[in-house]
Amino acid sequence: MKKSSRKVFLGIELVLLLILVSFLFLLFRDTEHKKTVAVIVNYSGREKWNPVINGMKQAAEEENLHLIICNTDEIRNAAEERELIDEQFNEVDAFLIEPSPGEQTEGVLEDVRSKKPTLLISSPSGSIPCVSPDNYNMGVMLAEAIISRFNGRLDGKTIGLVKGATDIQGITDREEGFLDGIKNSGAAVSWRVQATYSDTETRTIITGQEAVDLMVVLETDALENVGSLSEEKALHGALVFGIGSSEKVLYDVDEEFIQEVVVPDGFSMGYQAVHMLGETLKYGTKSLRSETVNARLIRKEDLFKDENSSFIYSFER
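Residues numbered from 1 in each chain as written. Predicted model: local features only at pLDDT ≥ 70, side-chain atom pairs only at ≥ 80, totals over all residues. Heavy atoms only, no water.

Caption draft 1: Representation of a negative patch on the surface. A surface patch of like charges, here negative, comprises E231, E255, E256 and E301. With a relative accessible area of 47%, E256 lands in the partly exposed category. (Patch = residues over 30% accessible without salt bridge, like charges linked within 9 Å, V, L, I, M, F, W, Y side chains within 5 Å. Areas by Shrake-Rupley, 256 points an atom, 1.4 Å probe, with all protein chains shown as cover. Salt bridge = Lys/Arg side-chain N within 4 Å of Asp/Glu carboxyl O. Lys, Arg positive; Asp, Glu negative; His and termini not counted. Charge placed at Lys NZ, Arg CZ, Asp CG, Glu CD. Buried < 20%, exposed > 50% of the residue type's maximum accessible area, 1.4 Å probe, protein only.)

And the structure:
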């Protein structure tokens, strides 16, 4: 009986050992073969990136990738972006980058691209492949929405134009699209200003301008600031319109502090970018290419429509 019991006990131990070894083998195999992508964007912790990062995470899970979302503040120039890239270079297999402002940026990114798969997100820079909304078209879309709101004409209306804190190609394209869109509308742009990443400085810049009928804001962080000023009734009655992507912006639309907003599909932008990098890392021969994601015009009455429910849900962290 004793020998029989000992054999049973040893058999159970052997089975448990085999299970443990198999589990550890699978665990380390998955870890060993997981490719890593570094994500470098301006102020990565701000909620405007929530839908983009949600899309990235879903694609990373499907492609069996490990994502490193670099913790960043303002990336002011190519030198600062290069420093962030260098910190990750030996640890990752590919990069997903929002380009910094400045003439040197394209050269830095081209150099990185020559060594590891590199894809841009949100805003283009030169000929480097980029996944972004059609920034020019978003500017046109916003102009058309404003003109439509006033029955096809803006005769006598004055506009204050607020650009984003960074002078990158995407914001320039939005501005160009908007100005082309209102060209024959009868409106006059009274002033243009560039916001900063300091809420206090941006509020001082905007409230120091002359009163206008319409305020048009081309970037999320600035639009959040202007929405708060509208709530405080500090804009002399100006109606606010903009391009942006955050829960705060959608809240301000619901409260009518912002009248209408063009919102890029951030979830699709993040998903498509990481999916493309995953396919490139997996097969090696798939070339990276530029892709464009859609954008939607959102008014207060659109927020709770069934067709927008999943789009709105993607903004939650």
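Caption draft 2: Structural view of the packing of helix 8 (residues 220–231) against helix 9 (residues 247–254). Where helix 8 meets helix 9, the closest approach of the two axes is 9 Å, and the angle between their N-to-C directions is 35°. For the pair helix 8 and helix 9, the crossing hand works out as left-handed. In this structure, helix 8 uses T220, L223, E224, G227 and S228 to contact helix 9, whose residues at the interface are K248, V249 and D252. Partitioned by chemical class, the residues of the contact of helix 8 with helix 9 number 2 nonpolar, 3 polar and 3 charged. (Axes fitted to C-alpha atoms, helices over the stretch in contact; angles between N-to-C directions. Helix = DSSP H or I, 4+ residues; strand = E, 2+ residues; numbered from the N terminus. Left-handed = near helix turned anticlockwise from the far one by under 90°. Contact = heavy atoms within 4.5 Å. Nonpolar A, V, L, I, M, F, W, Y, C, P; charged D, E, K, R; others polar.)

Caption draft 3: Spotlight on the nonpolar core. One finds V162, M215 and L235 to be the most contacted residues of the largest nonpolar core, which totals 25 residues. Here the element with the most residues in this core is helix 8; it accounts for 4 residues. M56, A59, A273 and L288 belong to the second largest nonpolar core, which has 24 residues in total. (Core = buried A, V, L, I, M, F, W, Y, C linked by side-chain atoms within 4.5 Å.)

Caption draft 4: Region of the structure containing the sheet that holds strand 12 (residues 295–299). Spatial strand order, 7-6-8-9-10-12: 6 strands in an open sheet with mixed pairing. The open sheet terminates on both sides in strands that have one partner only, identified here as strand 7 (188–194) and strand 12. Neighbour to neighbour, the strand axes of the sheet diverge by 20° on average, direction disregarded. Where strand 6 (residues 158–163) and strand 7 come together, 6 bridges link them in parallel fashion. Following the sheet pairing, G160 is matched in strand 7 by W191. (Pairing = 2+ DSSP bridges.)

Caption draft 5: The pattern of salt bridges, seen in detail. Using the criterion set out here, one finds 23 salt bridges in the structure. Ionic pairing is found between D86 and R82, a salt bridge with its closest N-O pair at 3.2 Å. Remark: R82 and D86 occur in helix 3 (residues 78–88); sequence separation between them is 4 residues, near one turn of the helix. Residue classification places D86 among the partly exposed residues on the basis of a relative accessible area of 41%. Across the salt bridge formed by K115 and D111, the nearest N and O atoms sit 3.2 Å from each other. For D111, a relative accessible area of 26% gives the class partly exposed. Connected through shared salt-bridge partners, R149, E260, R299, D302 and K305 make up one network.

Caption draft 6: The side chain of S44, seen in detail. Note on placement: S44 falls in the loop between strand 1 (35–40) and helix 2 (50–63). By relative accessible area, S44 is classed as buried at 6%. A polar contact is formed between the side chain of S44 and the backbone oxygen of C70, at a distance of 2.8 Å. The contacts of S44, once residues within four sequence positions are left out, are W49, I53, I69, C70, N71 and T72. (Polar contact = N/O pair within 3.5 Å; in protein donor to acceptor, adjacent residues only side chain to side chain.)

Caption draft 7: Local environment of the sheet that holds strand 2 (residues 65–69). Pairing within the open sheet is parallel, and its 6 strands lie in the order 2-1-3-4-5-11. Looking at the sheet topology across the chains shown, the edges are occupied by strand 2 and strand 11 (291–293). Going from strand to strand, the sheet's axes swing by 20° on average, the running direction of each strand aside. Bridging between strand 3 (residues 94–97) and strand 4 (residues 118–121) involves 3 bridges; their strand directions are parallel. Each residue of the ladder has a partner; that of L96, found in strand 4, is L119.

Caption draft 8: Quick look at the packing of helix 2 against helix 10 (residues 266–283). Where helix 2 meets helix 10, the axes come as close as 6 Å, and the angle between the chain directions of the two elements is 30°. Judged by the inter-axis angle, helix 2 sits roughly parallel to helix 10. Crossing of helix 2 against helix 10: the hand is right-handed. For the pair formed by helix 2 and helix 10, the contact residues are P51, V52, N54, G55, M56, Q58, A59, A60, E62 and E63 on the first element and G266, F267, M269, G270, Y271, V274, H275, G278, E279 and K282 on the second. Across the contact of helix 2 with helix 10, the residue classes break down as 9 nonpolar, 7 polar and 4 charged. (Parallel < 35°, antiparallel > 145°, perpendicular 65-115°, else oblique.)

Caption draft 9: Representation of the packing of aromatic side chains within the structure. Counted under the stated rule, the structure contains 4 aromatic pairs. Centre to centre, the rings of F267 and Y271 are 6.5 Å apart; their planes meet at 10°, and the pair counts as stacked. On the criterion of helical spacing, the pair formed by F267 and Y271 is a turn pair, its members being 4 residues apart in helix 10. Assessed through its relative accessible area of 23%, F267 is described here as partly exposed. Look at F311 and F315: their rings are 5.9 Å apart centre to centre, the planes differ by 75°, and that puts the pair in the edge-to-face class. Both residues of the pair, F311 and F315, count as buried. Across from the ring centre of F311, 4.4 Å away, lies the NZ or CZ of R296, which sits over that ring. (Phe/Tyr/Trp six-rings, centres within 6.5 Å; stacked < 30°, edge-to-face > 60°. Lys NZ or Arg CZ within 6 Å of the ring centre and 35° of its normal.)

Nothing here speaks to function; it is all geometry.
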